[in-house]
Amino acid sequence: MSDAYAHLRTARHAMVLSGYTLPSQNAFLAGANGPDPFFSYRFWESKPTVDLPALAQRLHTERAGEFLLAMARRALSPAQRSYAAGFVMHNTLDSLVHPYVAFLTQKGAVYDRPCGHGYCESALDTALWHLDFGGGIAPLREVCPPLITGELGEVAALLRDTVDEVFGIQLPFVAICDSFSHFSLVRWFFRSRFGFKKLIARGIDAVLHKPGFASSHMQPRRPAKDIPNQWINPYTGTLLRGGFSSLLAAAEKTGAVRIRALCLYWDGALTEDELKKVLGSANYDTGLPC
Ligand SMILES: [Zn+2]
């Protein structure tokens, strides 16, 4: 997962570029966190009975297009449609940026260290916040917008029904709602303005014997030096130029096209087949079709 501020920022920019406005800004931004809240569900347990973390992983790597399309079709209320559009943005950014992060964390690369992926994405998040606001760290509402009660219910119902349709898994409604609050808690912990929580994170890493397990997600995080702008996509072997800034710009452009297509589809001006082509079906982790 790219980190949350990068997702929300890209989603906002894409919406402006698209020329459309979605009815619920909050639900749209919450959607931009995609399946990530499921990773945080009951984070204090290694394997919760309702295994939302495992499902989050599957959502990132299996049937991506089918899931987005089913969600778009099932989204009826303003909050559900806004959330679905945000979710499409999560897929758009993740699938474009992750191959680069994978390249940067390869053996011998700048982020070749335990949990390098997390360190890289926390640094990107901090850098983007600094670019936009000059310093500090994004407040919690900027990475984890709270869904008001009615919207939370509608969004949770949409997720439950879409997961059932595409993966045949029946999730308890309450678990989905809880995952949003657990995600918010985890995000609160990862923001360490004065460094106190960073110390606790180091303690957690030490107790679990997992270097970087919690620390890699802590912000603010300074970026590594000499991040290369020319790179080889490890999944396709393609040589590419331009680092994060060109990938973010590409995600905004593609995202804008997808938001426009979704709005046209909901207005009855685009068929489901046409929408399917625009959404594609990229694996969130590799960008390859899945
Ligand atoms: Zn993600």
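You'll find the structure just up there.
Figured I'd write up the structure that's included with this text. By convention here, each chain's residues receive numbers from 1 onward along its written sequence. Side-chain atom pairs in this predicted model are given and counted only at pLDDT of 80 or more, local residue features only at pLDDT of at least 70, and totals for whole chains, interfaces and linings cover all residues. Values shown for side chains rest on all heavy atoms present in the structure; no hydrogens or waters enter the calculation.

This part covers a nonpolar patch on the surface. A residue counts toward a patch only above 30% relative accessible area and without a salt bridge, and it is joined to like-charged neighbours within 9 Å or, for Val, Leu, Ile, Met, Phe, Trp and Tyr, to nonpolar neighbours within 5 Å. Only the protein chains shown count as cover for residues, with accessible areas throughout obtained via the Shrake-Rupley method and a probe of 1.4 Å. We define a salt bridge as a side-chain nitrogen of Lys or Arg found within 4 Å of a carboxyl oxygen belonging to Asp or Glu. Where nonpolar side chains cluster on the molecular surface, the patch consists of Phe196, Leu199, Ile200, Ile204, Val207, Leu208 and Phe213 and spans about 670 Å² of accessible area. A run of H or I in DSSP becomes a helix once it reaches four residues, and a run of E becomes a strand once it reaches two; helices and strands are each numbered from the N terminus. In this structure, Val207 sits in helix 10 (residues 196-208). By relative accessible area, Val207 is classed as exposed at 65%. Summary of the burial criterion: residues with accessible area below 20% of their type's maximum are buried, those above 50% are exposed, and those between are partly exposed, where the area comes from a 1.4 Å probe applied to protein chains only.

A word on the environment of Arg191. Mapped onto the fold, Arg191 is located in the loop between helix 9 (173-189) and helix 10. C-alpha separation for the pair Arg191 and Ile137, spaced 54 residues apart in sequence, amounts to 7.2 Å. Note on contacts: a residue pair is in contact if any heavy atoms of the two residues lie within 4.5 Å. Beyond its immediate chain neighbours, meaning those up to four positions away, Arg191 contacts Ile137, Ala138, Leu140, Val143, Lys197 and Gln219. In protein, a polar contact means a hydrogen-donor-capable atom and an acceptor-capable atom, both N or O and within 3.5 Å, with residues adjacent in sequence counting only if both atoms are side-chain atoms; elsewhere, any N or O pair within 3.5 Å suffices. A polar side-chain atom of Arg191 sits 2.7 Å from the main-chain carbonyl oxygen of Ala138.

When a metal carries six donors in an octahedron, the ideal angles between them are 90 or 180 degrees, while four donors in a tetrahedron ideally lie at 109.5 degrees. Coordination of the zinc ion by the protein is provided by Asp36 (OD), His60 (NE2), His90 (NE2) and Asp94 (OD), with metal-donor distances spanning 2.1 to 2.7 Å. Counted as donors are the N, O and S atoms within 2.8 Å of the metal, or 3.2 Å for Na, K and Ca, while water is not among the atoms, so some sites may look incomplete. A four-donor site is called tetrahedral if each angle lies between 85 and 135 degrees; a four-donor site is square planar, and a six-donor site octahedral, when trans pairs exceed 155 degrees and the remaining angles lie between 65 and 115; all other cases are labelled irregular. One can describe the site at the zinc ion as irregular: its four donor atoms subtend angles covering 77 to 178° at the metal. Mapping the donors of the zinc ion onto the primary sequence gives the spacing D-x23-H-x29-H-x3-D. Note that His90 and Asp94 are positioned in helix 6 (residues 78-104) at a spacing of four residues, about one turn of the helix. Here His90 matches Asp94 in class, with each residue buried.

Below, the discussion takes up the side chain of Gln80. Mapped onto the elements, Gln80 comes out in helix 6. Given the relative accessible area of 12%, Gln80 is considered buried. A polar contact is formed between the side chain of Gln80 and the backbone oxygen of Glu154, at a distance of 2.9 Å. The contacts of Gln80, once residues within four sequence positions are left out, are Arg74, Ala75, Glu154 and Leu158.

All right, on to the environment of Asp132 then. Relative to the helices and strands, Asp132 resides in helix 7 (residues 116-133). Residue Asp132 is classed as partly exposed on the basis of its relative accessible area of 30%. Once you skip the residues sitting within four places of it in the chain, Asp132 turns out to touch Tyr5 and Arg9. Within the local environment of Asp132, its side chain forms a polar contact with the side chain of Arg9, the two groups lying 2.6 Å apart.

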